[in-house]
Amino acid sequence: MPAKRILILNGHPAQATLSQAMAEHYFDAATAQGHDVKLMAIKDMAFDADYGFAGYSQHKPLEPDVQGFLDALNWAEHFVLISPMWWGGLPAKLKGLIDRSFLPGKVFDSRGKGLPKPLLTGRSGRVILTSDSPWWYFRFFLNRPLYWQLRKQILEFVGIKPVRITHFAQASHPKPNEVKGWLAEVAKLGARGD
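Predicted, not measured: the structure shown is a model, and the values here were computed from it. (Residues numbered from 1 in each chain as written. Predicted model: local features only at pLDDT ≥ 70, side-chain atom pairs only at ≥ 80, totals over all residues. Heavy atoms only, no water.)

*Asks:* I keep staring at the overall build of the chain and nothing clicks. Help me out?
*Replies:* When helices and strands are tallied, the chain shows six helices and seven strands. A compact globule built from 194 residues should have a C-alpha radius of gyration of about 16 Å, and the chain, at 17 Å, falls within 12% of that. Based on the C-alpha atoms only, the size of the chain along its principal axes is roughly 50 × 40 × 30 Å. A total of 194 residues make up the chain; the buried ones form 45% of that total. Contacts spanning at least 24 positions in sequence make up 77% of the contacts within the chain whose residues lie at least 6 apart. A total of about 10,100 Å² of accessible surface is found on the chain, and carbon and sulfur atoms cover 54% of it. Of the side chains in the chain, 24 bear a positive and 17 a negative charge, and the two mean positions are spaced by 8 Å. (Helix = DSSP H or I, 4+ residues; strand = E, 2+ residues; numbered from the N terminus. Rg over C-alpha atoms; globule rule 2.2 N^0.38 Å. Buried < 20%, exposed > 50% of the residue type's maximum accessible area, 1.4 Å probe, protein only. Contact = heavy atoms within 4.5 Å. Areas by Shrake-Rupley, 256 points an atom, 1.4 Å probe, with all protein chains shown as cover. Lys, Arg positive; Asp, Glu negative; His and termini not counted. Charge placed at Lys NZ, Arg CZ, Asp CG, Glu CD.)

Set out below in structure tokens:
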């Protein structure tokens, strides 16, 4: 398997989290297999998460951390997003990074007719989610809305596809040794560059 350029974004806004451990396990395994890997963490990024405008006629200047994320995303062949699911969605700072960086001219071109043209084609994606909601509740009662949002409305919209999703559930109260198994599964994904 050829080496890939991989960007990992730890979307958890706190220190010493399961998301951080997963990001580190993925990074270590991918690096050991010869992949060129960059690891970024939302907790280390400084920017105004509020887009602050209606429409796209105005933009705030991009802070260095937002521009750095866009540069890394353009460099990458594979994008890995690791995040908890909070109240059925993403942590506010992570959603703010998407709002501030996924802009016309940066990740899509809205100048034509119909749907905007994606500008991040040729990249694949992996989303690794943790949640307290049991997987069966999220799947059968809620129809997995965050999967649809991340895959269809965000990542594939800008050209990142295929996007695969791995979901580890009841992360706040795991069974004995369950986290160890989750980290091993994440490491396998990293070793494959998936």
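Once you've had a look at it, read on.
*Asks:* I would appreciate a short explanation of the packing of aromatic side chains in the present structure.
*Replies:* Aromatic ring pairs: the centre-centre distance and the angle between the two ring planes describe each pair. If you walk through the whole model with that rule in mind, you get six aromatic pairs. Plain terms: the ring middles of Y51 and F53 are 5.9 Å apart, the flat faces sit at 85° to each other, and that makes the pair edge-to-face. These aromatic residues form a ring-pair network of at least three members: Y51, F53, Y56, F108 and F157. (Phe/Tyr/Trp six-rings, centres within 6.5 Å; stacked < 30°, edge-to-face > 60°.)

*Asks:* I tried to follow the nonpolar core on my own but got confused; where do I start?
*Replies:* The tendency in soluble globular proteins is for nonpolar side chains to be buried side by side. By size, the foremost hydrophobic cluster in this structure holds 35 residues, and its most contacted members are L9, F69, F79 and F102. Counting residues per element, the ones that place at least two in this core are strand 1 (5-10), helix 2 (64-75), strand 3 (78-84), helix 3 (92-101), strand 6 (123-131), helix 5 (145-155) and strand 7 (160-169). Among residues more than four places away in sequence, those in contact with F69 are L7, L9, M40, M45, F79, L97, S101 and F102. Within the second largest apolar cluster, 16 residues are counted, among which are I6, I8, I128 and L189. (Core = buried A, V, L, I, M, F, W, Y, C linked by side-chain atoms within 4.5 Å.)

*Asks:* Any chance you could explain the environment of P174 here in plain terms?
*Replies:* Mapped onto the elements of the fold, P174 is located in the loop between strand 7 and helix 6 (178-192). Judged by relative accessible area, P174 falls into the partly exposed class, the value being 31%. P174 sits 42 residues away from D132 along the chain, and the two C-alpha atoms are 9.3 Å apart. In contact with P174, other than residues within four places in its own chain, are V179 and W182.

*Asks:* Can you walk me through the pattern of salt bridges in this structure?
*Replies:* It is possible for side chains bearing opposite charge to pair when their charged atoms get close. Per the stated rule, a full pass over the model turns up ten salt bridges. Close ionic contact of D109 with R111 constitutes a salt bridge, the shortest N to O distance being 2.9 Å. Classification of R111 as exposed rests on a relative accessible area of 74%. A cluster of three or more residues bridged by salt bridges with shared partners is formed by R126, R164, R192 and D194. (Salt bridge = Lys/Arg side-chain N within 4 Å of Asp/Glu carboxyl O.)

*Asks:* Even after reading the chapter, I still don't get helix 5, so can you show me in this structure?
*Replies:* Note that an α-helix has 3.6 residues per turn; residues three or four places apart therefore point the same way. Residues L146, Y147, L150, I154 and L155 constitute the buried set of helix 5. Projected onto a plane normal to the axis of helix 5, the buried residues spread over an arc of 120° and lie on a single side. Seen from the buried face of helix 5, the exposed residues on the opposite side, beyond 90 degrees, are W148 and Q153. Looking at the packing, one finds that the buried side of helix 5 touches strand 3, helix 3, strand 6, helix 4 (135-141) and strand 7. (Arc of directions from axis to C-beta.)

*Asks:* What's the story with a nonpolar patch on the surface in this structure? I'm lost.
*Replies:* Where nonpolar side chains cluster on the molecular surface, the patch consists of W135, W136, Y137, F140, F141 and L142 and spans about 710 Å² of accessible area. With a relative accessible area of 39%, L142 lands in the partly exposed category. (Patch = residues over 30% accessible without salt bridge, like charges linked within 9 Å, V, L, I, M, F, W, Y side chains within 5 Å.)

Read these as layout, nothing more, since geometry by itself doesn't imply function.
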